[in-house]
Amino acid sequence: MPTIKRIVVPTDFSPHGRHAVASALEYARLFKAELHVLHVVVPQVYQSEMPEMMMPPVEDFTEDRLEAARKRLREWQKTMPGDVDIQTHVIESTKNADDAICEFADSMDADLIVIGSHGHTGLMHMLLGSTAEQVVRHAKCPVLVVKPRVPIT
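Residues numbered from 1 in each chain as written. Predicted model: local features only at pLDDT ≥ 70, side-chain atom pairs only at ≥ 80, totals over all residues. Heavy atoms only, no water.

**Student:** Explanation requested: the confidence of the model for the chain in the structure shown.
**Tutor:** Should the pLDDT be low somewhere, the predicted coordinates at that spot are not to be read in detail. Looking at the chain as a whole, the pLDDT averages 82, with 77% of positions reaching at least 70. At the low end of the mean pLDDT range in the chain sits helix H4 (residues 122-128), at 47; at the high end sits strand S1 (residues 6-10), at 97. Within the model, pLDDT remains below 50 along residues 123-128, and this stretch shows 5 contacts once partners closer than five positions in the same chain are excluded. (pLDDT = per-residue confidence, 0-100. Helix = DSSP H or I, 4+ residues; strand = E, 2+ residues; numbered from the N terminus. Contact = heavy atoms within 4.5 Å.)

Here it is in structure tokens:
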């Protein structure tokens, strides 16, 4: 059985992301592993009133988004159990979130990535893509995709 020392769990703060963190906590306990909770801030593209007209990313809001994410993770960390070594990370990336997650996990020498799945299908999957799917394809370590047992609303 492989040794798992470091687990990375990305979160987008959605209910699916929170479920992934809860699942990752259980694995961290089981393997007595460090848990690295990660949030990736990517540049936002703001859309004008006309859908075909796109404006470049507005960087002025990036620092606000980074600080808001740090604050949310600090608040989460206060509610997490003390029996697991939990570290939180907020990173800014000019790439897609999936690329940033894979690079972060690689830089941490992660043994496992635990990621939530929104379960989009059909048109929603085509439009939004799947971060979890891309992480599975490109990560250098094993990836566990967790889905809630009951639908999350």
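So, next bit.
**Student:** Just to check I follow, could you spell out the sheet that holds S1 for this structure?
**Tutor:** Remark on secondary structure: sheet strands pair via backbone hydrogen bonds, oriented parallel or antiparallel. The 5 strands are arranged S3-S2-S1-S4-S5 in an open sheet whose pairing can be described as parallel. Sheet topology places strand S3 (86-92) and strand S5 (143-146) at the edges, where each strand pairs with a single neighbour. Averaged over neighbouring strand pairs, the angle between their axes works out to 25° when direction is ignored. Taken together, the 4 bridges between strand S4 (residues 112-116) and S5 define a ladder with parallel strand orientation. Residue pairing for S5: Ile113 is matched across the bridge by Val143. Those strands touched by helix H5 (residues 131-138) are S4 and S5, and its axis lies near 160° from that of S4. (Pairing = 2+ DSSP bridges. Axes fitted to C-alpha atoms, helices over the stretch in contact; angles between N-to-C directions.)

**Student:** I tried to follow the side chain of Ser23 on my own but got confused; where do I start?
**Tutor:** Mapped onto the secondary structure, Ser23 falls in helix H1 (residues 15-31). Once residues within four sequence positions are removed from consideration, Ser23 is found in contact with Val114 and Val146.

**Student:** Sorry, what's going on with the nonpolar core here?
**Tutor:** Note that soluble globular proteins tend to have their nonpolar side chains buried in a common cluster. Of all hydrophobic cores here, the largest spans 24 residues; its most connected members are Ile7, Val9, Leu35, Val37, Ile86 and Val114. Every element with two or more residues in this core is listed here: S1, H1, strand S2 (34-41), helix H2 (62-79), S3 and S4. Not counting the four nearest positions on each side in its chain, Ile86 is found in contact with Leu25, Leu35, Val37, Gln77, Met80 and Pro81. Counting residues in hydrophobic clusters, the runner-up holds 15 residues, among them Val8, Ile113, Ala132 and Val135. (Core = buried A, V, L, I, M, F, W, Y, C linked by side-chain atoms within 4.5 Å. Buried < 20%, exposed > 50% of the residue type's maximum accessible area, 1.4 Å probe, protein only.)

**Student:** How should the environment of Met108 be read in this particular structure?
**Tutor:** Among the structural elements, Met108 can be located in the loop between helix H3 (97-107) and S4. The spatial distance from the C-alpha of Met108 to the C-alpha of His36 is 8.9 Å, given a sequence separation of 72 residues. If sequence neighbours within four positions are ignored, Met108 has contacts with Arg6, His36 and His89.

**Student:** Help me understand the packing of aromatic side chains, please; the structure alone is not making it clear to me.
**Tutor:** To describe a pair of aromatic rings, one takes the distance between the centres and the angle between the planes. Taken as a whole and assessed by the stated rule, the structure comprises 1 aromatic pair. Look at Phe13 and Trp76: their rings are 5.5 Å apart centre to centre, the planes differ by 75°, and that puts the pair in the edge-to-face class. Placement of Phe13 in the loop between S1 and H1 and of Trp76 in helix H2 is noted, with a sequence separation of 63 residues between them. The pair Phe13 / Trp76 is uniform in exposure class, with both members buried. (Phe/Tyr/Trp six-rings, centres within 6.5 Å; stacked < 30°, edge-to-face > 60°.)

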